[in-house]
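What follows is the residue order along each chain.
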Amino acid sequence: MTTGKVDFTGVQSTMLVTLFLKALDAEETEPVLGDRFAAEAVDRIDYDWAKLDKPTITRNRFGLALRTRQIDDWTADFLRRNPDATVLHLACGLDARAFRLDLPDGVRWFDVDLPDVIALRRELYEDADGYRMIGASVTGEDWLAEIPAGKPVFVIAEGLLMYLHEAEVWQLLGRLTEHFGTGELVFDGVLPWVAKLTQVLKKYLNRWYDYPAYWTPIRDGSDIARWNPRLLYRDHVALVAQYDRIPDRKLQRAYRLMSRFGPVRNYLRVFRADF
């Protein structure tokens, strides 16, 4: 069964890009992520995928897969240590992490995104024991009351915080640490020069299409405590440094070259923090 016609714009359109790139990775003989759910979703969603099948987009498939794979690894590690935990996936888009991972029976998983995004998700997936979708803006205040707070929580903010203004980041992280007693937060972030570049591009390219810009960069782990003093920086991974996981030799060489230069090596990293 296919979904209704889909035509998201702006930041919401990025979830279609990430889904398409994961589906491309799944077609590789040696995929980085190997997400069969993404490939199945692309087949079912009524969208003109040809608009995304361009070298400027498809060459990013392994970088996206590396980011998602690293967060999958950290999620699985947390759940091995906390098999009765709560997982809160913010701005989940169409990601199938809750189904891609082998979850312990005691885990309660909540996927949260805007109502129209969740409406599309419900055409692909269903709520079940231990799994629930919530349609709400993550910057809103009411939805968090629906999440039980008695267990350790693992908060995933993949492809989210960089799109929020810094004041929104502070407010969101403050609500999360106030609501939950203990847990971990994982998120990705860009350097300041990358954020500034996207803002310039947004200014000049919006006349043609709704270009999404990054508003909150991260310089290093100290920014995490500045956003919220309850958060303790744990570690980070520079994605381009994981070039040995890329099956495409040409792109692997490009990532290896990028990994040798600090500003480029760290342009996109995934971070982990405790609270």
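Residues numbered from 1 in each chain as written. Predicted model: local features only at pLDDT ≥ 70, side-chain atom pairs only at ≥ 80, totals over all residues. Heavy atoms only, no water.

**Student:** Go over the overall build of the chain, please, and point to the residues and values.
**Tutor:** For the chain, the helix and strand inventory stands at eleven helices and seven strands. Relative to the 2.2 N^0.38 estimate, which gives 19 Å for 275 residues, the radius of gyration of the chain is 18 Å and therefore close to what a compact globule would have. Burial statistics for the chain: of 275 residues in total, 50% are counted as buried. Partitioning the intrachain contacts of the chain with sequence separation of at least 6 by distance along the chain shows that 73% fall at a separation of at least 24. Of the accessible surface of the chain, which amounts to about 13000 Å², a share of 52% is contributed by carbon and sulfur atoms. (Helix = DSSP H or I, 4+ residues; strand = E, 2+ residues; numbered from the N terminus. Rg over C-alpha atoms; globule rule 2.2 N^0.38 Å. Buried < 20%, exposed > 50% of the residue type's maximum accessible area, 1.4 Å probe, protein only. Contact = heavy atoms within 4.5 Å. Areas by Shrake-Rupley, 256 points an atom, 1.4 Å probe, with all protein chains shown as cover.)

**Student:** Talk me through the sheet that holds strand β5 (residues 183-190); I want residue IDs and the actual numbers.
**Tutor:** Sheet architecture is open: seven strands sit in the order β3-β2-β1-β4-β5-β7-β6, paired in mixed fashion. On the outer flanks of this sheet lie β3 (131-135) and β6 (232-238), each paired with one strand and no other. Within this sheet the neighbouring strands show an average axis-to-axis angle of 15 degrees, counted without direction. Of the strand pairs in this sheet, strand β1 (residues 86-90) and strand β2 (residues 108-113) are connected by five bridges, and their pairing is parallel. Considered in β2, the bridge of His89 is made with Asp111. This element, helix α4 (residues 61-81), spans β1, β2, β4 (153-157), β5, β6 and β7 (268-274) of the sheet and lies at about 15 degrees to β7. (Pairing = 2+ DSSP bridges. Axes fitted to C-alpha atoms, helices over the stretch in contact; angles between N-to-C directions.)

**Student:** Describe the packing of aromatic side chains, naming the residues involved and giving the relevant values.
**Tutor:** Under the definition given, this model contains nine aromatic pairs. Here the aromatic rings of Phe78 and Phe154 are separated by 5.0 Å at their centres, their planes lie at 35 degrees, and the arrangement is tilted. With Phe78 in helix α4 and Phe154 in strand β4, the pair connects residues that are 76 residues apart, well separated along the chain. No difference in accessibility class separates Phe78 from Phe154, as the two residues are buried. Members of the aromatic cluster, joined through ring pairs, are Phe37, Phe99, Tyr125 and Tyr131. Between the NZ or CZ atom of Arg36 and the centre of the ring of Phe37, over which it lies, the distance is 4.1 Å. (Phe/Tyr/Trp six-rings, centres within 6.5 Å; stacked < 30°, edge-to-face > 60°. Lys NZ or Arg CZ within 6 Å of the ring centre and 35° of its normal.)

**Student:** Residues and numbers for the nonpolar core, please.
**Tutor:** Within the largest apolar cluster, 37 residues are counted, with the highest numbers of intra-cluster contacts made by Val87, Trp109, Phe154, Ile156, Val190 and Tyr214. Broken down by secondary-structure element, the contributors of at least two residues to this core are α4, β3, β4, β5, α8 (192-205), α10 (249-258) and β7. Here the element with the most residues in this core is α4; it accounts for seven residues. (Core = buried A, V, L, I, M, F, W, Y, C linked by side-chain atoms within 4.5 Å.)

**Student:** I'd love a proper account of the side chain of Thr198, names of residues and values included.
**Tutor:** Position of Thr198 among the secondary structure elements: in helix α8. Filtering out sequence-adjacent residues up to four positions away, Thr198 remains in contact with Tyr211, Ala213 and Tyr214.

**Student:** Please set out α10 residue by residue, giving values where relevant.
**Tutor:** All of the buried residues along α10 are Leu251, Gln252 and Tyr255. The buried residues of α10 all sit within an arc of 105 degrees when viewed along its axis, so they share a single face. With respect to the buried face of α10, the exposed residues turned more than 90 degrees away are Lys250 and Arg253. Buried positions along α10 lie against α4. The N-cap of α10, judged by a side-chain oxygen 3.1 Å from the amide nitrogen of Lys250 a few residues on, is Asp248. (Arc of directions from axis to C-beta. Polar contact = N/O pair within 3.5 Å; in protein donor to acceptor, adjacent residues only side chain to side chain.)

**Student:** Which residues make up the layout of surface pockets, and what are the values?
**Tutor:** By volume, the second largest pocket amounts to about 170 Å³. Every residue along the wall of the second largest pocket is listed here: Ala98, Phe99, Leu103, Pro104, Asp105, Val107, Trp109, Glu126, Ala128, Asp129, Gly130 and Tyr131. (1 Å grid on protein atoms, 1.4 Å probe; cavity = no way out; pocket = protein on both sides within 12 Å on 5 of 7 lines; lining within 4 Å. Points joined across faces, edges and corners; volume = space filled by probe spheres on them.)

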